[in-house]
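Okay, here's what each chain looks like letter by letter:
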Amino acid sequence: MRNVEIIWSKVMISFNLRCKNDHEFEGWFKNSDAFEAQNSSRQIACPSCGSKKVERALSAPNVSTARGQDLPTPEQAKKLRTALRNLRKQVESTHEDVGRNFPEEARKIHYGERERREIYGEATADEARDLVEEGVPVAPLPWIEEKADN
């Protein structure tokens with residue numbers, strides 16, 4: 001299945017902080033407003049000297065994924081691509097490719113209009129959502145093309 005919707009969520013953000021004595025440390029907050037509220041009520045203290053006169057320090061942007069984790073290293077990315085290629089080979093060797101007819105075929109199998117068999121194919125995000133709402137057991141596959149790692 002392709003074109004499946006992804007929901008982005010971020011729970012906490014990290015700020016680099018500095019106290020009046022130039023000690024730098026990190027703080028985690030729900031959002032910028034939460035930092036401002038805690039700082040104005042003097043709830044944030046420097047772990048080195050205890051100073052409660054704290055401000056945000058300059059920091060480089062942190063690129064992260066939807067779940068707030070760091071991006072994978074090149075070696076981790078290569079292993080992931082290999083695993084995804086292996087998954088694709090496994091699915092292609094054990095399932096029938098029904099292409100764009102996937103939503104229709106999945107429904108027919110689910111409702112007993114066709115003999116049960118393992119299939120894969122393509123569906124838009126709306127088609128996939130409709131299938132899930134009907135109770136048709138489907139799952140999106142992270143499909144990766146057959147290309148050599150650089």
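The model shown is predicted, which means the values in this text are computed figures rather than measured ones. (Residues numbered from 1 in each chain as written. Predicted model: local features only at pLDDT ≥ 70, side-chain atom pairs only at ≥ 80, totals over all residues. Heavy atoms only, no water.)

**Q** Explanation requested: the sheet that holds strand 3 (residues 54-56) in the structure shown.
**A** Read from one edge of the open sheet, three strands run 2-1-3, paired in antiparallel fashion. The strands lining the two open edges of the sheet, one partner per strand, are strand 2 (24-29) and strand 3. With direction set aside, neighbouring strand axes in the sheet form an average angle of 45°. The pairing of strand 1 (residues 13-19) with strand 3 spans three bridges and is classified as antiparallel. The partner of C19 across the bridge, within strand 3, is V54. Where helix 1 (residues 32-40) meets the sheet, its contacts fall on strand 1, strand 2 and strand 3, and the angle it forms with strand 1 comes to roughly 30°. (Pairing = 2+ DSSP bridges. Helix = DSSP H or I, 4+ residues; strand = E, 2+ residues; numbered from the N terminus. Axes fitted to C-alpha atoms, helices over the stretch in contact; angles between N-to-C directions. Contact = heavy atoms within 4.5 Å.)

**Q** Hey, could you run me through helix 3 (residues 102-110) in this one?
**A** Because an α-helix completes one turn every 3.6 residues, residues spaced three or four positions apart along the sequence face the same direction. All buried positions along helix 3 are accounted for by F102, P103, E105, A106, K108 and I109. For helix 3, the elements touching its buried residues are strand 4 (96-99), strand 5 (119-121) and helix 4 (125-134). Looking one or two places after helix 3, you find G112, whose phi comes out positive at around 80°. (Buried < 20%, exposed > 50% of the residue type's maximum accessible area, 1.4 Å probe, protein only.)

**Q** Is there a simple way to think about a positive patch on the surface in this case?
**A** A contiguous patch of positive charge, built from K20, R42, K52 and K53, is present on the exposed surface. Positionally, R42 belongs in the loop between helix 1 and strand 3. A residue is classified by how much of its surface remains accessible, and R42, at 47% relative accessible area, is partly exposed. (Patch = residues over 30% accessible without salt bridge, like charges linked within 9 Å, V, L, I, M, F, W, Y side chains within 5 Å. Areas by Shrake-Rupley, 256 points an atom, 1.4 Å probe, with all protein chains shown as cover. Salt bridge = Lys/Arg side-chain N within 4 Å of Asp/Glu carboxyl O. Lys, Arg positive; Asp, Glu negative; His and termini not counted. Charge placed at Lys NZ, Arg CZ, Asp CG, Glu CD.)

**Q** Help me understand the pattern of salt bridges, please; the structure alone is not making it clear to me.
**A** Any two side chains of opposite charge can pair, so long as their charged atoms come close to each other. Evaluation of the coordinates by the stated rule reveals eleven salt bridges. R18 is the salt-bridge partner of E55, the closest N and O atoms lying 3.3 Å from each other. Here the residue E55 occupies a position in strand 3, and R18 occupies one in strand 1, the gap between them amounting to 37 residues. Residues R117 and E105 are paired through a salt bridge, measuring 2.7 Å at the closest nitrogen-oxygen approach. Here the residue R117 occupies a position in the loop between helix 3 and strand 5, and E105 occupies one in helix 3, the gap between them amounting to twelve residues. Judged by its relative accessible area of 9%, E105 is buried. Several salt bridges converge on common partners, so that one network encompasses E96, E105, R114 and R117.

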